[in-house]
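Observations on the model geometry
Here are the chains, one letter per residue:
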Amino acid sequence: MERALRASRVVTFVYFILNGTLLGMWVVQIPAVEGRVGISHATLGGFLVLLGAGAFAGMQVGGRLSDRLGARTVVPLAGVLCSVTLVLPGLAAEPWTLGAALLLFGFGNGTLDVSMNAHAVQVERAYERPVMSAFHATFSVGGVLAALAGAAALGIGWDPATTLGTAAGVGVIVALVSARGLLPSVPAATVSGAEGEPDVKKRLVTARIWLLAVLTLLVMLCEGAANDWSVLHLKTVLDAPESTAAFAYGTYAATMTVGRLLADRISARFGSVAVLRYGAALAALGITVVALSPWIWAALTGWALFGLGLSGCVPQLFSAAGHTDPAAAGTNVSRVAGLGYIGMLAGPAVIGWLTHLMALNHTFLLLTLFCATTTVAAGILRPAPDRPRTVELTS
C-alpha cells in the first residue's frame, strides 16, 4: 500500500508537469502562430479570451466528471484530450480556425487542470499531511521544459504544426502510461458520509466553497497582474534597462517556485491558515514596496517578497476546497479554480484600466488591498467542527 501511495504521488507530479509543459509549448509558439495566421496583437488578445473561456468550461465539466467517474478515469483521458487539442493551433490557417482551436485546447487544459487537482486532494488525504503545494511547484517545471523544447524546435527550423504535433504525441503517451499509478476511485457514498445531510449543512458547505473561490479570485488576480506588469513596471516607472527589468518577473517567479516547494513543510508545522494569512500579509508588504519605492533594487525586493508570499496561497485554497466534502472534491475544486482563473485573466486588464486614472505603480495598491483582505479572511480554511479532520491542514 505504501508503495502504491508513493507511486500515486509521483504520477501526480508527472501530470502537473505535463499540464505545464503542454500549456508552455503553446505559449512558446504564439509569435509563430500569430504570423502564420496573419492576425494583429489585438485580435490575438481576443482569441486568448476564447482560450480562457474554454478552460473555464473544461474545469466545470472535469470537476463533475471526476466526482462521478473518479479522478483515476478522468485524469488520463483529460491528459490525452489536452495533448491532442494542443496540435490544433499549429494547424490553424485562418483566424476563425485559430479561435476554434484555442477554445478546444482551453477546454482540454481546464479539464486536466481540475481533474489532476482533484486527484492531488485524494493523494493528500491518503498521506494525511500537506503535499499540495509541491504539486503546484512542478507545474512551473513544465513551463521550463516547454521553453527549452520550444527553443530547440525553433533552432532546427520546425514549424508550429510539427512542434506542437510532436509535443502532443509525447503527451498522449505520458498521459496513458502514467495512468496505472493513479489511486483507485472511491465511491462517493464511501468517502462522503453525507447522505441525508441536513439542508442547512449543505448550504454552509456551499457558502464556504464560494468564499474560498472569492479568495482564490483575489489571489490569482494578483498573480495575473504580476505576470503581465512586473517587467513593464521597472521599465516604464523606474526607467530600468530592459535586461534589468526582466529580473522583476524573474525574481517573482523564482521566489514563487521556491515558496511552493517549502509551503507543504510549513503547512504541516504551522497549519494552512498560517500559510495563507502570513503569506498574504508578506505579499501585501512586498507589493506595497513595489508601489511606493523609487529604487530599482527595492522594487526587485518587493517583487521577490510578493512571489514568496503568494506562493503557498492558491494550493491551500484548492486543498481546502477539495477536503470540504470528499464526495464532491472535483466539483468544489472546479468552482474555486474556475473563479480563480477568471481572476488570473482579469488581473492584467484591471491594472491596465486603472492606468488611465493613475500611475502604474500606484495601481498596485489595489493588490495590497486584495492581499490584506485575504489575510483577514484566512480563518475560512478552518474546517467545520463537526467534520472529520482527515488531514492536518490548519493551525
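In what follows, the structure referred to is the one given above.
Everything numeric here is computed off the predicted structure, so don't read it as measured data. (Residues numbered from 1 in each chain as written. Predicted model: local features only at pLDDT ≥ 70, side-chain atom pairs only at ≥ 80, totals over all residues. Heavy atoms only, no water.)

Considerations on the pattern of salt bridges
With the rule as written, the count across this model stands at two salt bridges. The salt bridge involving arginine 260 is made with glutamate 223; its shortest N-O contact spans 3.4 Å. Of the two residues, arginine 260 sits in helix 9 (residues 242–270) while glutamate 223 sits in helix 8 (residues 199–237), which places them 37 residues apart along the sequence. Grouping residues by exposure puts arginine 260 and glutamate 223 together as buried. (Salt bridge = Lys/Arg side-chain N within 4 Å of Asp/Glu carboxyl O. Helix = DSSP H or I, 4+ residues; strand = E, 2+ residues; numbered from the N terminus. Buried < 20%, exposed > 50% of the residue type's maximum accessible area, 1.4 Å probe, protein only.)

A look at the packing of helix 4 (residues 95–127) against helix 13 (residues 329–354)
Across the interface, helix 4 lies against helix 13 with an axial gap of 9 Å and an inter-helix angle of 125°. Looking at the two axes, helix 4 sits oblique to helix 13. Of the two elements, helix 4 crosses helix 13, and the hand of that crossing is right-handed. Touching Val114, Asn117, Ala118 and Val121 of helix 4 are Gly330, Val333, Ser334 and Ala337, all from helix 13. Grouping the constituent residues of the contact of helix 4 with helix 13 by class yields five nonpolar, three polar and no charged. (Axes fitted to C-alpha atoms, helices over the stretch in contact; angles between N-to-C directions. Parallel < 35°, antiparallel > 145°, perpendicular 65-115°, else oblique. Left-handed = near helix turned anticlockwise from the far one by under 90°. Contact = heavy atoms within 4.5 Å. Nonpolar A, V, L, I, M, F, W, Y, C, P; charged D, E, K, R; others polar.)

Observations regarding unusual backbone geometry
Notably, glutamate 128 is not glycine yet its phi reads approximately 60°, a positive angle. One can find glutamate 128 in the loop between helix 4 and helix 5 (132–155). The phi angle at aspartate 239 is positive, at roughly 55°, despite the residue not being glycine.

Notes on a nonpolar patch on the surface
Together, Val258, Leu261, Leu262, Ile266 and Phe270 make up an exposed nonpolar region whose accessible area comes to about 460 Å². On the secondary structure map, valine 258 appears in helix 9. On the accessibility criterion, valine 258 (43% relative accessible area) is partly exposed. (Patch = residues over 30% accessible without salt bridge, like charges linked within 9 Å, V, L, I, M, F, W, Y side chains within 5 Å. Areas by Shrake-Rupley, 256 points an atom, 1.4 Å probe, with all protein chains shown as cover.)

Notes on the nonpolar core
Generally speaking, soluble globular proteins have nonpolar side chains that are buried together. Of all hydrophobic cores here, the largest spans 54 residues; its most connected members are Leu212, Leu234, Trp303, Phe306, Leu310, Phe364 and Leu367. Of all the secondary-structure elements, those providing two or more residues to this core are helix 2 (41–69), helix 8, helix 9, helix 10 (272–292), helix 11 (296–311), helix 12 (313–324), helix 13 and helix 15 (365–376). Broken down by element, the residue count for this core peaks at 14 residues, all from helix 8. Tryptophan 303 has contacts with Ala226, Ser230, His233, Leu234, Ala248, Thr251, Tyr252, Thr255, Ile287, Val290 and Phe364, leaving out every residue within four places of it along the chain. If you look at the next biggest cluster of nonpolar residues, it comprises 43 residues, including Phe13, Met116, Ala146 and Ala175. (Core = buried A, V, L, I, M, F, W, Y, C linked by side-chain atoms within 4.5 Å.)

Worth remembering: the numbers are spatial, not functional.
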